[in-house]
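Here are the chains, one letter per residue:
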Amino acid sequence: RSIWVTGVQTCALPIYQLALVRAAADRILPETTSPGAAAANVDQFVDRLAARWFSDTERQCLVDGLDALDQRALRSEGRRFVALTSDRQDAILSTLELEAERTGSPSETFWHQFKWCTLYGYYTSRVGIDEELRTIRIPGRFEGSVPVEG
């Protein structure tokens with residue numbers, strides 16, 4: 001199932017959750033001297049991962065966790081997560097991080113899953129590999145059939 005909305009193709013997540021993933025992922029890996037998670041399109045990676053690789057249980061955990069994150073923002077700030085300033089978003093995510101440290105808390109599974117997806121999506125993207133890690137894919141040149149002395 002794919003849906004095109006305002007030029008963005010979604011696979012598993014509704015467009016409002018895709019925006020939430022983009023905002024939260026960009027707070028985990030914000031733009032600094034290198035591009036952040038938004039520049040690496042981590043939101044689209046998470047959406048495709050949820051659609052193609054997650055089990056139904058994992059996908060539901062992600063959807064429920066994103067809804068809970070947005071509800072937390074509405075309760076504490078009176079606005080949706082994506083509408084908050086970066087400072088307020090950071091405060092909410094910091095609280096979520098502290099709660100997730102408690103084993104067995106409802107937010108534990110979602111938060112670990114979300115952070116893993118964000119980091120994996122970023123560091124396997126062209127932005128993460130080329131601009132953050134500055135990885136040289138093939139160091140040096142290949143010289144086949146070189147005589148070996150010995």
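Whatever comes next refers back to the structure up there.
The text that follows walks through the structure, step by step, so that each part is easy to find. (Residues numbered from 1 in each chain as written. Predicted model: local features only at pLDDT ≥ 70, side-chain atom pairs only at ≥ 80, totals over all residues. Heavy atoms only, no water.)

### A closer look at the overall build of the protein
Right, on to step 1. When its secondary structure is counted, the protein shows six helices and two strands.
Right, on to step 2. In the protein, which comprises 150 residues, the share counted as buried stands at 37%.
Right, on to step 3. Within the protein, counting contacts between residues at least 6 apart in sequence, those at least 24 apart form 55% of the total.
Right, on to step 4. Accessible surface for the protein amounts to roughly 9,300 Å². Of this, 53% is attributable to carbon and sulfur atoms. (Helix = DSSP H or I, 4+ residues; strand = E, 2+ residues; numbered from the N terminus. Buried < 20%, exposed > 50% of the residue type's maximum accessible area, 1.4 Å probe, protein only. Contact = heavy atoms within 4.5 Å. Areas by Shrake-Rupley, 256 points an atom, 1.4 Å probe, with all protein chains shown as cover.)

### Details of the environment of alanine 73
Right, on to step 1. Residue position: alanine 73 is located in helix 3 (residues 56-77).
Right, on to step 2. It is 10.0 Å that separates the C-alpha atoms of alanine 73 and alanine 91, two residues lying 18 residues apart in sequence.
Right, on to step 3. When residues no more than four places from it in sequence are discounted, the contact partners of alanine 73 are Gly78, Arg79, Arg80, Phe81, Leu84 and Ile92.

### A short note on the packing of aromatic side chains
Right, on to step 1. As enumerated under the stated definition, the model contains five aromatic pairs in all.
Right, on to step 2. Taken together, a centroid distance of 5.9 Å and an interplanar angle of 40 degrees make the contact between phenylalanine 45 and tyrosine 120 tilted. Residue phenylalanine 45 is found in helix 2 (residues 42-52), and its partner tyrosine 120 is found in helix 5 (residues 106-123); the two are separated by 75 residues along the sequence.
Right, on to step 3. With a centroid separation of 6.2 Å and an interplanar angle of 25 degrees, the aromatic rings of tryptophan 111 and phenylalanine 114 are classed as stacked. Taken together, the positions of tryptophan 111 and phenylalanine 114, both in helix 5 and three residues apart, correspond to about one turn of that helix. In this pair, the class of tryptophan 111 matches that of phenylalanine 114, namely buried.
Right, on to step 4. Among the aromatic residues, ring-to-ring pairing joins Phe45, Trp116 and Tyr120 into one connected group. (Phe/Tyr/Trp six-rings, centres within 6.5 Å; stacked < 30°, edge-to-face > 60°.)

### Quick word on the nonpolar core
Right, on to step 1. Ranked by internal contacts, the top residues of the largest apolar core, which has 33 residues, are Leu62, Leu66, Leu69, Phe81, Phe110 and Phe114.
Right, on to step 2. Of all the secondary structure elements, the ones that give two or more residues to this core are helix 1 (15-28), helix 2, helix 3, helix 4 (86-100) and helix 5.
Right, on to step 3. Per-element tally for this core: the top contributor is helix 3, with six residues.
Right, on to step 4. Filtering out sequence-adjacent residues up to four positions away, phenylalanine 110 remains in contact with Cys61, Leu62, Gly65, Leu66 and Leu96. (Core = buried A, V, L, I, M, F, W, Y, C linked by side-chain atoms within 4.5 Å.)

### With respect to the environment of glutamine 113
Right, on to step 1. Relative to the helices and strands, glutamine 113 is located in helix 5.
Right, on to step 2. Residues glutamine 113 and glycine 65 lie 48 residues apart in sequence; the distance between their C-alpha atoms is 9.7 Å.
Right, on to step 3. Setting aside residues no more than four positions away along its own chain, glutamine 113 makes contact with Phe54, Glu58, Cys61 and Leu62.
Right, on to step 4. A distance of 3.5 Å separates the side chain of glutamine 113 from the backbone nitrogen of leucine 62, its partner in a polar contact. (Polar contact = N/O pair within 3.5 Å; in protein donor to acceptor, adjacent residues only side chain to side chain.)

### Let's talk about unusual backbone geometry
Right, on to step 1. The backbone of asparagine 41 shows a phi angle near 55 degrees, a positive value even though the residue is not glycine.
Right, on to step 2. Residue placement: asparagine 41 occurs in the loop between helix 1 and helix 2.

### So, the pattern of salt bridges
Right, on to step 1. Considering all chains together, one arrives at eight salt bridges under this definition.
Right, on to step 2. Across the pair arginine 22 and aspartate 43 runs a salt bridge, and its minimum N-O distance is 3.0 Å. Of the two residues, arginine 22 is situated in helix 1 and aspartate 43 in helix 2; the sequence distance between them amounts to 21 residues.
Right, on to step 3. Classification of arginine 22 by relative accessible area gives partly exposed; the value is 32%.
Right, on to step 4. For the salt bridge of glutamate 97 with lysine 115, the shortest nitrogen-to-oxygen distance reads 2.9 Å. Linking glutamate 97 in helix 4 with lysine 115 in helix 5, this pair joins segments that are 18 residues apart in sequence.
Right, on to step 5. Judged by relative accessible area, glutamate 97 falls into the partly exposed class, the value being 24%.
Right, on to step 6. Of the residues examined, lysine 115 reaches a relative accessible area of 22% and is grouped as partly exposed. (Salt bridge = Lys/Arg side-chain N within 4 Å of Asp/Glu carboxyl O.)

Keep in mind these values describe shape, not function.
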